[in-house]
Every structure is written in structure tokens, then in C-alpha cells.
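As a plain string of letters, each chain reads:
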Amino acid sequence: MDWIECVRSYIKVVEEGSFNAAAFQLNTSGSAISKRISWLEDRVGVQLLTRTTRSVHQTEAGILFYQRARLQLDQWQHLVDETRAINQTPTGLLKIGATLAVGSKFIIKYLDEFLATYPKIKVQLITTLPGQVPENNIDVFISRELEQLNTFSYKSTPLFEHHSGFFASKEYIEKHGMPTDLEDLKRHNMLIWGERPIREIKLKNNKRVTLRGNFSTTNPEALFHAAKRGMGILLASKQMLIDDIDSGNLVAVLPELTADHTSVNAYYPTLDYEHTRTQLFIKYLKSKLS
């Protein structure tokens, strides 16, 4: 039997939860999948799955084999795609990671033109929680600087300098007035990113300010919609709000006051070779941001 075919079948059984479901995805029979798994277990020399009449479960050895095999299979496919790309149009799957806010409000704006430029590339956008380290088999991760990724396992390249400013809807300003200074701003209702309706921030001048409001959330989309509906003043990056600013849904409040100064980087795994798709996407983003 073929090693790669059997490994791919094992991965599919784990991910689908059954032999028949894996067989359906691979356009073959359940008995063929069973033979491949048995052949694989004979060659590896350990049991990878425990089988019952209703379900299959991974053994401890099976869990390890799945994790490593999935990574190796992805790398093998990358190698095939990279080799084809030398004399052909770049092709294959590009796995992009980002926090929910960055993915939905920033990256998504640029994907349609990128995919139109490289029609044989497919994109999978994987979102994470703020500060969460992405899974190992991701091709590129767009994020504010993460200390956990400043390691030998990842390379990074800066995309743009990030800072947050204050924004509100015209309806909010008409109803409550435009803040005139920092002390006036602190009297307004703030929309708070976090689990509590109070947050301390450090401004560009290193002055610390406590923001308070009647609405807080860790869902970025809910926070953006609350701002557009006139519920309060939002602290956010202009890069995340550019469409709403251009359309007039949101306006800057005291633009000289900024916070959360850091860089937004593209992180990608340190490999013996660099994926063409990854480098094309990073180069494309930089050209748009310039």
C-alpha cells in the first residue's frame, strides 16, 4: 500500500470520527479505509485506534502520530505546491491566522484582490483570541507583537505601526457633544474592550487614564456595532475602522490622543525554505499598506 494514502486516511478518520465518514470524504469504501489503517498500524508497530461498533478513539500513540503526521502531510503538500509554482502559477492552500478583529476588519478587505491576482491559491482564515498563540501548521499569522512568537521557531516582518484612537458616531456627537479635552472625554460613556466596564490605558504621553462605560465585551464586532449605533465612544485602531470612517459612520474624537502603540507583524514558521504563497501574501499586504 501507499504510505501517504494510508496516513491521509488515518487523519481523515480522526477528523471525521468514523471510518464511513472518512470513506465518504475520500470517495472510497469503509472496508478500504479499515484495511489502510490496519496496514498502517502493522508498519508503525503500535495500535493507533481503538474501535467499537459505534465509534473509534485514538490511543496515546495515535494522538502523537496524528499530530506529527498532519504537520508532515501539510509540509509535503507545500513542497509539491512550491515545486509546481516554479514554472506555473502559484497554487495551493494558504492558512492565514489572525485575531477575530484583525481577521474580520483588516485582512478580509484585501483577500478578494489577492485571490483574483492568484486564482489558483485558496485561503483558509483561522481566527484566535487576543494573545492566543496560533496552531503550529499555520502559514502566516498577522498580529500585534506577541512575545510568545519571538522565538527561533518563527520569523517576523513588520507590516505597520499600530495605535488606537477615539471614535464615535455622528449621532452620539450630536446628542452628547464633542469632547474638548481629556478631562471632558472621561465624562463621556466609553465602550470598553474587556470583561468589565472599566479599563485603564496608557496614552502616548505615558499618562494613564481610566475609561468607564455602561457596555463592555470581548467580541470586537459587537463593540464596533455599538459604536456605530451611537452607544458610546470607542477606543480602536484606525486600520480596523477605515471603511466606517470613510463612509462617515464614525468620526475621530480628540485625534491627538492615542494609546496602545505597538507594531503589527506578519509571523511565519522558520523553515528550510520559504513558501511562495506566504511571501506573496506578505508582499501584497505591504504594497497595500504602503
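Our structure's up above, just so we're on the same page.
Here we summarise the structure given alongside this text. All of these numbers come straight from a predicted model, not from anything done at the bench.

Take unusual backbone geometry next. Backbone geometry at N27 places phi at a positive 60 degrees, although glycine is not the residue there. Along the chain, N27 falls in the loop between α2 (19–25) and α3 (30–44). In this structure N27 comes out as exposed when scored by relative accessible area, which is 73%. A positive phi angle, near 45 degrees, is found at L254, a position not held by glycine.

A separate point is the packing of aromatic side chains. Applying the stated criterion across every chain, the model contains 6 aromatic pairs. Relative to Y110, the ring of F106 has its centre 5.4 Å away and its plane inclined at 75 degrees; by these criteria the two rings are edge-to-face. In this pair, F106 and Y110 both sit in helix α5 (residues 100–117), 4 residues apart, roughly one turn of the helix. The burial state of F106 is the same as that of Y110; both residues are buried. Ring centres 5.1 Å apart and planes at 80 degrees place the aromatic pair F114 and F281 in the edge-to-face group. Taken as a pair, F114 in helix α5 and F281 in helix α10 (residues 276–289) lie far apart in primary sequence, 167 residues in all. Assessed through its relative accessible area of 0%, F114 is described here as buried. Connected via pairs of aromatic rings, a cluster forms that spans F114, Y118, F281 and Y284.

By the secondary structure assignment, T278 is in helix α10. Look at T278 and you get buried, because its relative accessible area is 3%. Those residues within four positions of T278 in sequence are excluded, and the remaining contacts are L94, D139, V140 and Y268.

Glancing now at the nonpolar core. Ranked by internal contacts, the top residues of the largest apolar core, which has 34 residues, are I107, I142 and F281. Of all the elements, α5 adds the most residues to this core, at 6 residues. Counting contributing residues, this core receives three or more from each of domain 2 (91–160 + 263–289) and domain 3 (162–262). With residues near it in sequence (within four places) discarded, I142 still touches I96, G97, A98, T99, V102, F106, I107, L159, V264, N265, A266 and L285. Counting residues in hydrophobic clusters, the runner-up holds 19 residues, among them Y10, A22, A23 and I37.

Conventions and cut-offs
Residues numbered from 1 in each chain as written. Predicted model: local features only at pLDDT ≥ 70, side-chain atom pairs only at ≥ 80, totals over all residues. Heavy atoms only, no water. Helix = DSSP H or I, 4+ residues; strand = E, 2+ residues; numbered from the N terminus. Buried < 20%, exposed > 50% of the residue type's maximum accessible area, 1.4 Å probe, protein only. Phe/Tyr/Trp six-rings, centres within 6.5 Å; stacked < 30°, edge-to-face > 60°. Contact = heavy atoms within 4.5 Å. Core = buried A, V, L, I, M, F, W, Y, C linked by side-chain atoms within 4.5 Å. Domains from an automatic or database assignment.

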